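Listed here are the chains, written in short residue letters.
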Amino acid sequence: MKIIDCRTASLQKGRLGASKTIIDQVQSISHKVTEKDLIVNAFQKFLDNRYLFFDGVVLEGSIEPLPPMLVGPTGLWLINISSVSGVYRASGENWEQMDEKSGGYRPARNNPVLVAIEKAGLVTGQLSRLQKKLPPVEPVIFFSAPDAHVELA
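My aim in this report is to walk through the structure given alongside it, one point at a time. (Residues numbered from 1 in each chain as written. Predicted model: local features only at pLDDT ≥ 70, side-chain atom pairs only at ≥ 80, totals over all residues. Heavy atoms only, no water.)

With that out of the way, let us pick up the sheet that holds strand β6 (residues 94-98). Sheets are built from strands that pair by backbone hydrogen bonding, the pairs being arranged parallel or antiparallel. On the basis of which strands lie adjacent, the open sheet formed by four strands has the order β7-β6-β5-β9 and mixed pairing. Sheet topology places β7 (105-107) and β9 (148-152) at the edges, where each strand pairs with a single neighbour. Neighbour-to-neighbour, the strand axes of this sheet turn through a mean angle of 35°, independent of strand direction. Inspection of the sheet shows β6 paired to β7 by three bridges, in the antiparallel sense. Across the sheet, the residue bridging to Q97 is R106, located in β7. (Pairing = 2+ DSSP bridges. Helix = DSSP H or I, 4+ residues; strand = E, 2+ residues; numbered from the N terminus. Axes fitted to C-alpha atoms, helices over the stretch in contact; angles between N-to-C directions.)

See the structure below:
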C-alpha cells in the first residue's frame, strides 16, 4: 500500500494544508500512536501496491481535510474514525445510544453514520464535477475505542 499525505505534499509545493502556518503544521505532529496509525499498520500487512491511502485531502472550496481514503481495485473507501465508547444501535441513518440507567436506547448527540454519508457525498460530488469515472465512494466507520459496541437493527 502506498501512503500519500496530502498535507506534506502541499507544504512541498509551497502551499499550506488545513493549518495556516508551518509552525501549526510542526506542532500538530504527534509522537503517539494514533487511530490512523493503527489503520495504516493493519492495511499495510494485507494490501499490496495497487492500493493508495490518502490522508489530509482537502476538497476545493473547503478548509477541513477529509477522513483518510483508501483507493484500490476494490473501490474507493472513505474511512471515518470515531472514538465513541459505549453501546449503540444503528438502523439505517438512525444512531441511538444505550442509556446506562434505563437500559433503553435514545438518539445520540453525534451521529457518525450521517457524518460518514455526508462526507462520502461531498467526495462523490467533487468527482462528478471533475467528470471522473470511479466506483461509488463507500463510507466506512472505524471505531477506535475497544469498548464501543454497535448493534445493527
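So that's the structure; there's more coming.
Scanning the entire structure with this criterion turns up four salt bridges. Here K36 makes a salt bridge to D55, at a shortest N to O gap of 3.2 Å. Of this pair, K36 sits in helix α3 (residues 35-46) while D55 sits in strand β2 (residues 52-55), and the two are 19 residues apart along the sequence. Note on D55: relative accessible area 11%, which makes it buried. (Salt bridge = Lys/Arg side-chain N within 4 Å of Asp/Glu carboxyl O. Buried < 20%, exposed > 50% of the residue type's maximum accessible area, 1.4 Å probe, protein only.)

Turning to the nonpolar core, a few remarks are in order. Among the nonpolar cores identified, the biggest contains 11 residues, and these are F54, V57, L59, L66, M69, L76, L78, A120, V123, L127 and V137. Elements represented by at least two residues in this core include exactly β4 (75-82) and α4 (112-129). If you tally residues by element for this core, the top one is α4, at three residues. Those residues in contact with V57, other than ones at most four positions away along the chain, are C6, E64, P65, L66 and M69. (Core = buried A, V, L, I, M, F, W, Y, C linked by side-chain atoms within 4.5 Å. Contact = heavy atoms within 4.5 Å.)

What follows is about the environment of D37. For D37, the location among the structural elements is in helix α3. Engagement of the side chain of D37 in a polar contact is seen with the backbone nitrogen of T34, the distance being 3.0 Å. (Polar contact = N/O pair within 3.5 Å; in protein donor to acceptor, adjacent residues only side chain to side chain.)

What follows concerns the environment of K2. Assignment of secondary structure puts K2 in strand β1 (residues 2-5). Spatially, the C-alpha atoms of K2 and L52 are 4.9 Å apart, while their sequence positions differ by 50 residues.

In the sheet, strand β5 (residues 86-91) pairs with β9 via five bridges, with the strands oriented parallel. Following the sheet pairing, V87 is matched in β9 by H149. In the sheet, β5 pairs with β6 via four bridges, with the strands oriented antiparallel. Residue pairing in the sheet places S91 in a bridge with N94 of β6. In this antiparallel pair of consecutive strands, β5 and β6, the connection spans two residues, and G92 shows a positive phi of 65°.

In this structure the tally under the stated criterion is three aromatic pairs. The interplanar angle of 65° and the centroid separation of 6.4 Å between the aromatic rings of F43 and F53 together place this pair among those described as edge-to-face. Placement of F43 in helix α3 and of F53 in strand β2 is noted, with a sequence separation of 10 residues between them. The class of F43 is partly exposed, set by a relative accessible area of 23%. Overall, the relative accessible area of 2% leaves F53 in the buried class. Each ring, one from Y88 and one from W95, has its centre 5.0 Å from the other, and the planes form 15°; the classification is stacked. Using a relative accessible area of 5% as the deciding quantity, one classes Y88 as buried. Using a relative accessible area of 5% as the deciding quantity, one classes W95 as buried. (Phe/Tyr/Trp six-rings, centres within 6.5 Å; stacked < 30°, edge-to-face > 60°.)

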